[in-house]
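Geometric and topological summary
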Amino acid sequence: MIKCQLNTDCEGPISLNDNALELTCHFIPHGMKFFSQVSGYDDYLADIAKREKYKAGDTLRLILPFLKAYGATNLKIERYSEANLSLVSGAKESLQFIRQRMPIFIVSTSYEPYIRALCRLLDFSLEDVYCTKLDIDGYEIEEWETKRLKELAEEIIAMPPLELPTCRTGRRRLRDLPLEPQKIIARLDDIFWREIASMKCGRLLEEINPIGGWEKAQAVLDSLTKTGNSLSEVIYVGDSITDVEALDLVRGNGGLAISFNGNRYSLKAAEIACISSHVIVIAILTCVFSKGGKGKTLWLARNWSHSAIRQSGIDYFLMDELISLYPRTLPRVETITDSNRNELIKESETFRKRLRG
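Keep in mind it's a predicted model, so treat the numbers as computed, not measured.

1. Some words on the packing of aromatic side chains
A full pass over the atoms with the stated rule returns seven aromatic pairs. On the basis of an interplanar angle of 80° and a centroid distance of 5.8 Å, the ring pair of Phe 97 and Phe 317 is categorised as edge-to-face. Within this pair, whereas Phe 97 is found in helix α6 (residues 91-99), its partner Phe 317 is found in helix α16 (residues 316-325), the two being separated by 220 residues in sequence. Plain terms: the ring middles of Tyr 316 and Phe 317 are 5.4 Å apart, the flat faces sit at 85° to each other, and that makes the pair edge-to-face. A relative accessible area of 63% places Tyr 316 in the exposed class. By the ring-pair criterion, three or more aromatic residues cluster together here, those being Phe 34, Tyr 41, Tyr 44, Phe 66, Phe 192 and Trp 193. The ring centre of Phe 97 lies 3.7 Å from the NZ or CZ of Arg 101, which sits over that ring. The ring of Tyr 70 has Lys 150 lying over it, and the distance from NZ or CZ to the ring centre is 5.2 Å.

2. Looking at the packing of α6 against helix α14 (residues 280-302)
Running from N to C, α6 and α14 cross one another at 10°; their axes reach a closest spacing of 9 Å. When the axis of α6 is compared with that of α14, the two are roughly parallel. On α14, the residues that touch Ser 94, Phe 97 and Ile 98 of α6 are Ile 280, Ile 282, Ala 283, Thr 286 and Cys 287. Looking at the contact of α6 with α14, its residues break down into six nonpolar, two polar and no charged.

3. Details of the confidence of the model for the chain
Here the chain averages 94 in pLDDT, and 98% of its residues register 70 or above. In the predicted structure, residues 167-171 sits below a pLDDT of 50 and forms three contacts with residues beyond four places in sequence or in another chain.

4. Observations concerning the sheet that holds strand β4 (residues 234-238)
Strand order across the open sheet formed by seven strands is β3-β2-β1-β4-β5-β6-β7, with mixed pairing between neighbours. Every interior strand has two partners, whereas the edge strands, β3 (129-132) and β7 (332-335), have only one. Neighbour-to-neighbour, the strand axes of this sheet turn through a mean angle of 15°, independent of strand direction. Here four bridges tie β4 to strand β5 (residues 256-260), and the two strands are oriented parallel to one another. Of the residues in β5, the one forming a bridge with Ile 235 is Leu 256. Across the face of the sheet, α14 comes into contact with β1 (5-8), β4, β5, β6 (272-275) and β7 while running at roughly 125° to β5.

5. Quick word on the pattern of salt bridges
Here the structure, examined in full by the defined rule, presents 29 salt bridges. A salt bridge links Lys 55 to Glu 215; its shortest N-O distance comes to 3.8 Å. Separated by 160 residues along the polypeptide, Lys 55 in the loop between α2 (31-49) and α3 (59-62) and Glu 215 in helix α11 (residues 214-227) bring together distant segments of the chain. Judged by relative accessible area, which is 14%, Lys 55 ranks as buried. Among the charged side chains, a salt-bridge network with shared partners connects Arg 148, Glu 151, Glu 155, Arg 187, Asp 190, Arg 194 and Glu 195.

6. Quick look at the environment of Ile 115
Position of Ile 115 relative to the elements: it lies in helix α7 (residues 112-122). Overall, the relative accessible area of 1% leaves Ile 115 in the buried class. Each C-alpha atom of the pair Ile 115 and Cys 131 lies 7.4 Å from the other, and the pair is 16 residues apart in sequence. Ile 115 has contacts with Cys 10, Ser 108, Ser 110, Leu 126, Val 129 and Cys 131, leaving out every residue within four places of it along the chain.

Conventions used here
- Residues numbered from 1 in each chain as written.
- Predicted model: local features only at pLDDT ≥ 70, side-chain atom pairs only at ≥ 80, totals over all residues.
- Heavy atoms only, no water.
- Phe/Tyr/Trp six-rings, centres within 6.5 Å; stacked < 30°, edge-to-face > 60°.
- Helix = DSSP H or I, 4+ residues; strand = E, 2+ residues; numbered from the N terminus.
- Buried < 20%, exposed > 50% of the residue type's maximum accessible area, 1.4 Å probe, protein only.
- Lys NZ or Arg CZ within 6 Å of the ring centre and 35° of its normal.
- Axes fitted to C-alpha atoms, helices over the stretch in contact; angles between N-to-C directions.
- Parallel < 35°, antiparallel > 145°, perpendicular 65-115°, else oblique.
- Contact = heavy atoms within 4.5 Å.
- Nonpolar A, V, L, I, M, F, W, Y, C, P; charged D, E, K, R; others polar.
- pLDDT = per-residue confidence, 0-100.
- Pairing = 2+ DSSP bridges.
- Salt bridge = Lys/Arg side-chain N within 4 Å of Asp/Glu carboxyl O.

Now the structure itself:
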């Protein structure tokens, strides 16, 4: 056995939930439209404005004052999350199999109440999880703030959809956008960074730090202090823009970077693409990595077939389980190259939407 460890995102590789979206829809009337608008604004802040101390995934702090105004509490968030947990097929069994062979760390942007519920279901230790710390009960909100936030939510919902087209040069700046998105962004800037920031509950915007972007990479580095491993001994599995820095860090230092039902961001940073409704493919890849290292795992991905999997020397009961699940056609696992990346992005994003809804 080769010394190694698995660091994995949660929503995508383990669960089918988009917990922040689901909480928004549960607590806020017309929450789907509200979340979509705020998420588009998040894309603008992270990708175009590149606001200082702002990163992809910070939608999770933008929605918090509104969740608070509509009655969200620690207990309500955790109970709702627990009642609506949905795992990717084989997630619990695959994690148990992998855990017998190497340490596993979950690195998630999700709120801690959701992660606590998930860990109970998976029988997974919270000590091995990095996630967004949240104690929403610890923040005050005045009666007038609650009323005003509900008015602002209605205003955001009534706005035209915020669309951020890419300009022909490939460079996107605020002045490159059509006039309507510019007006929407200006109003959202005013709502979040002037009006809400001045409220007592505005502390949520300042103090909650979602684990995404570089924080995920830092979580990988912190996990190495617990295991004594090096980055070349890490397998990182991610699926979205919040995983890019972690995928880059691991790949750039000799570890293995895997996209599982990922979007275009993760597929641009990863080395192997997995498009699958079952987590057994991750169990297979980690098993091969633990026995033959990165080179053997990449060889398997390049030659992905029943015969190549048998040749890789995986545990016999894992092979039996694979054959029972996929006797003929395997889920797609492939090394990512410049020539196949666009095709993989299209297939993976389509599959991702179908699987996660």
